[in-house]
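# Descriptive structure summary
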Amino acid sequence: ALDPTSGIVYAATTSCATSSLYTLDVLTGTATLIGPATNAACLIALAVDGNGDLWGYDIIADVLVSIDKTTGAGVVIGSIGFDANYGQGMGWDPATDTLLMAAFNNTSFQGELRSVNAQIEFLLRDALAERGIVPKRGVAAKPGDGGEDE
């Protein structure tokens with residue numbers, strides 16, 4: 001995940017028992033451990049938004065986490081709203097200021113493009129308030145326009 005505010009690239013590894021956060025030097029390919037990615041035993045995807053906030057999601061607990069870029073400490077924001085499994089991806093669209101998930105829904109056994117939206121904004125605000133962060137938008141991963149699963 002490229003941080004658009006600093007140019008730093010973040011990466012994660014997981015055994016689906018523990019996960020770790022790294023920075024990645026794209027010129028040398030060297031990964032430098034930041035620390036364990038807490039509250040995300042199976043951290044499968046990362047994205048950095050336009051504010052420089054690092055996000056990820058766990059496919060065991062099916063939760064979105066806000067991740068501290070200096071320690072790897074994760075704060076659970078809330079449920080992603082579906083049973084994620086297998087390969088996943090995450091990114092930030094600067095044109096719409098939207099976090100996106102390239103997701104595999106294990107229930108429907110289909111790939112999906114999901115946006116992370118304001119469905120559970122109150123959970124985001126409460127969790128991030130503890131870290132002194134005021135979010136611009138909330139979260140809940142739903143296909144389509146952010147309403148109920150289609």
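From a predicted model like this one, the values you see are computed outputs, not experimental measurements.

### Description of the pattern of salt bridges
For the structure on display, the rule yields two salt bridges. Two residues, Lys-69 and Asp-3, come together in a salt bridge whose shortest N-O distance is 2.6 Å. Taken together, the residues Lys-69 in the loop between strand 6 (63-67) and strand 7 (74-79) and Asp-3 in the segment before strand 1 (9-14) connect sequence positions 66 residues apart. The exposure class assigned to Lys-69 is partly exposed, which follows from its relative accessible area of 24%. The residue Arg-114 makes a salt bridge to Glu-112 at a minimum N-O spacing of 2.5 Å. Neither residue differs from the other here; Arg-114 and Glu-112 are each classed as buried.

### Focus: the confidence of the model for the protein
Chain-level pLDDT for the protein is 83 on average; 77% of the residues reach the 70-or-more range. This model gives residues 118-122 a pLDDT under 50, and the stretch forms twelve contacts once residues within four places in sequence are excluded. Across residues 135-150 the pLDDT falls below 50, and counting only partners more than four positions away or on other chains, this stretch makes 54 contacts in the model.

### Structural notes on the nonpolar core
In this structure, Tyr-57, Leu-64, Ile-80, Met-90 and Met-101 are the most contacted members of the largest nonpolar core, which totals 16 residues. At the level of elements, strand 4 (43-48), strand 5 (54-58) and strand 9 (98-105) are the ones that each hand at least two residues to this core. Excluding anything up to four places from it in sequence, Met-90 contacts Ala-45, Leu-46, Ala-47, Trp-55, Gly-56, Tyr-57, Leu-64, Leu-99, Leu-100, Met-101 and Val-116. In this structure, Tyr-10, Leu-46, Val-63 and Val-65 belong to the second largest nonpolar core, which totals eleven residues.

### Here's the deal with the pairing of strand 7
Across five bridges, strand 6 lies against strand 7 in antiparallel orientation. Note on strand 7: the bridge partner recorded for Val-65 is Val-76. The loop that links strand 6 with its antiparallel partner strand 7 comprises six residues; one of these, Gly-72, has a positive phi angle of about 90 degrees.

### A word on a nonpolar patch on the surface
On the surface, Leu-24, Val-26 and Leu-27 cluster together to form a nonpolar patch covering roughly 330 Å² of accessible area. Looking at the element boundaries, Val-26 is found in the loop between strand 2 (19-24) and strand 3 (31-36). In this structure Val-26 comes out as exposed when scored by relative accessible area, which is 61%.

Quick notes on the rules
Residues numbered from 1 in each chain as written. Predicted model: local features only at pLDDT ≥ 70, side-chain atom pairs only at ≥ 80, totals over all residues. Heavy atoms only, no water. Salt bridge = Lys/Arg side-chain N within 4 Å of Asp/Glu carboxyl O. Helix = DSSP H or I, 4+ residues; strand = E, 2+ residues; numbered from the N terminus. Buried < 20%, exposed > 50% of the residue type's maximum accessible area, 1.4 Å probe, protein only. pLDDT = per-residue confidence, 0-100. Contact = heavy atoms within 4.5 Å. Core = buried A, V, L, I, M, F, W, Y, C linked by side-chain atoms within 4.5 Å. Pairing = 2+ DSSP bridges. Patch = residues over 30% accessible without salt bridge, like charges linked within 9 Å, V, L, I, M, F, W, Y side chains within 5 Å. Areas by Shrake-Rupley, 256 points an atom, 1.4 Å probe, with all protein chains shown as cover.

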